[in-house]
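# Notes for the structure review
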Amino acid sequence: TSLRHIFEQKNSIQIFPDTSNVDISFKNLINTLSKPSQSIEDKCYAQSELMIFILSIAKSIKMYSESNLSYIKQAILFIKKNLRSKLTLQQIADHVELNKIYLCNIFKKYTGKTVLQTINSLRISKSLQLLRDSNVPITSIPAHVGFSSYQQMFYEFKKFLDLSPTECRNAFLTDEINYFDKKKAQSHSIKINEEDFSF
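Here is a short report on the structure shown in this document. What you see is a predicted model, and the numbers here were worked out from it, not measured in a lab.

What follows covers the overall build of the protein. Regarding its fold elements, the protein presents 9 helices and 0 strands. Each helix and strand of the protein, ordered N terminal to C terminal, gives the series α-α-α-α-α-α-α-α-α. Counting over 199 residues, the protein shows a buried share of 32%. Sequence separation of at least 24 residues holds for 58% of the intrachain contacts in the protein that already meet a minimum separation of 6. Per element, the accessible surface of the protein, about 13,300 Å² overall, is 55% carbon and sulfur.

Below, the discussion takes up a nonpolar patch on the surface. Judged by side-chain polarity, L50, M51, I54 and L55 come together as a nonpolar surface patch covering roughly 350 Å² of accessible area. One can find I54 in helix 3 (residues 40-81).

Bringing helix 2 (residues 22-34) into the picture now. Over its 13 residues, helix 2 runs 18 Å from end to end, which matches the ideal 18 Å to within 8%, given 1.5 Å per residue. Looking at helix 2, one finds that the buried residues are V22, S25, L29 and T32. The buried residues of helix 2 all sit within an arc of 95 degrees when viewed along its axis, so they share a single face.

Here we take up the packing of helix 6 (residues 115-133) against helix 9 (residues 165-174). In a pair of packed helices, the angle between the axes and the distance between the axes together describe the arrangement. Their axes nearest at 9 Å, the elements helix 6 and helix 9 cross at an angle of 45 degrees. Here helix 9 runs oblique to helix 6, going by the angle between their axes. Between helix 6 and helix 9 lies a crossing whose hand is right-handed. Contacts from L128, L130, L131 and R132 in helix 6 reach P165, C168, R169 and F172 in helix 9.

Per the stated rule, a full pass over the model turns up 2 aromatic pairs. With 5.3 Å between their ring centres and 40 degrees between their planes, F26 and F53 make a pair best called tilted. You can see F26 sitting in helix 2 and its partner F53 sitting in helix 3, a full 27 residues away along the chain. Relative to F154, the ring of Y150 lies with its centre 6.2 Å away and its plane at 50 degrees, an arrangement referred to as tilted. With Y150 and F154 both in helix 8 (residues 150-161) and 4 residues apart, the pair spans about one turn of that helix. With a relative accessible area of 24%, Y150 lands in the partly exposed category.

Quick notes on the rules
Residues numbered from 1 in each chain as written. Predicted model: local features only at pLDDT ≥ 70, side-chain atom pairs only at ≥ 80, totals over all residues. Heavy atoms only, no water. Helix = DSSP H or I, 4+ residues; strand = E, 2+ residues; numbered from the N terminus. Buried < 20%, exposed > 50% of the residue type's maximum accessible area, 1.4 Å probe, protein only. Contact = heavy atoms within 4.5 Å. Areas by Shrake-Rupley, 256 points an atom, 1.4 Å probe, with all protein chains shown as cover. Patch = residues over 30% accessible without salt bridge, like charges linked within 9 Å, V, L, I, M, F, W, Y side chains within 5 Å. Salt bridge = Lys/Arg side-chain N within 4 Å of Asp/Glu carboxyl O. Expected span 1.5 Å × (residues − 1). Arc of directions from axis to C-beta. Axes fitted to C-alpha atoms, helices over the stretch in contact; angles between N-to-C directions. Parallel < 35°, antiparallel > 145°, perpendicular 65-115°, else oblique. Left-handed = near helix turned anticlockwise from the far one by under 90°. Phe/Tyr/Trp six-rings, centres within 6.5 Å; stacked < 30°, edge-to-face > 60°.

As structure tokens, this is what we get:
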């Protein structure tokens, strides 16, 4: 399973850090294969060295993936703790001690979202929490969640939810969404991820 995604890649080359004994097992395999062998035992030994080599690659890939996931978890935790601040990609990359381009690449690969999309979705989730559970004026919410202005919050709400903050608060108050004169009324669920803020 750990090796499967290598074979599914379009690129013929994959580079992983040697986080296990790949180099040592490769040398052992080459040494075994370069010896003249005739017996069944020698052939079995060569096959076992090949299996050890493949398993060491699989272990390296797994450790590589886990280390990347650890960086992503650290980055998301940092974002959550500093959501109210003006966050930059450089700040996040510095916190997890990674190059910002590399952080962007692994973030997109493992989460399916960019860092900015993640920040905005967390801010929306926190905004929805405030809209539902507090009497904070809608125009004051951006300062509580890190949006630079109400206009930015409005834009992100429309983009992510196709609803304005006011429509969301009304939906929480009345348990229904008024689509006014929208051409097509459709059901729309508003989800608040409570786990986003349990740290």
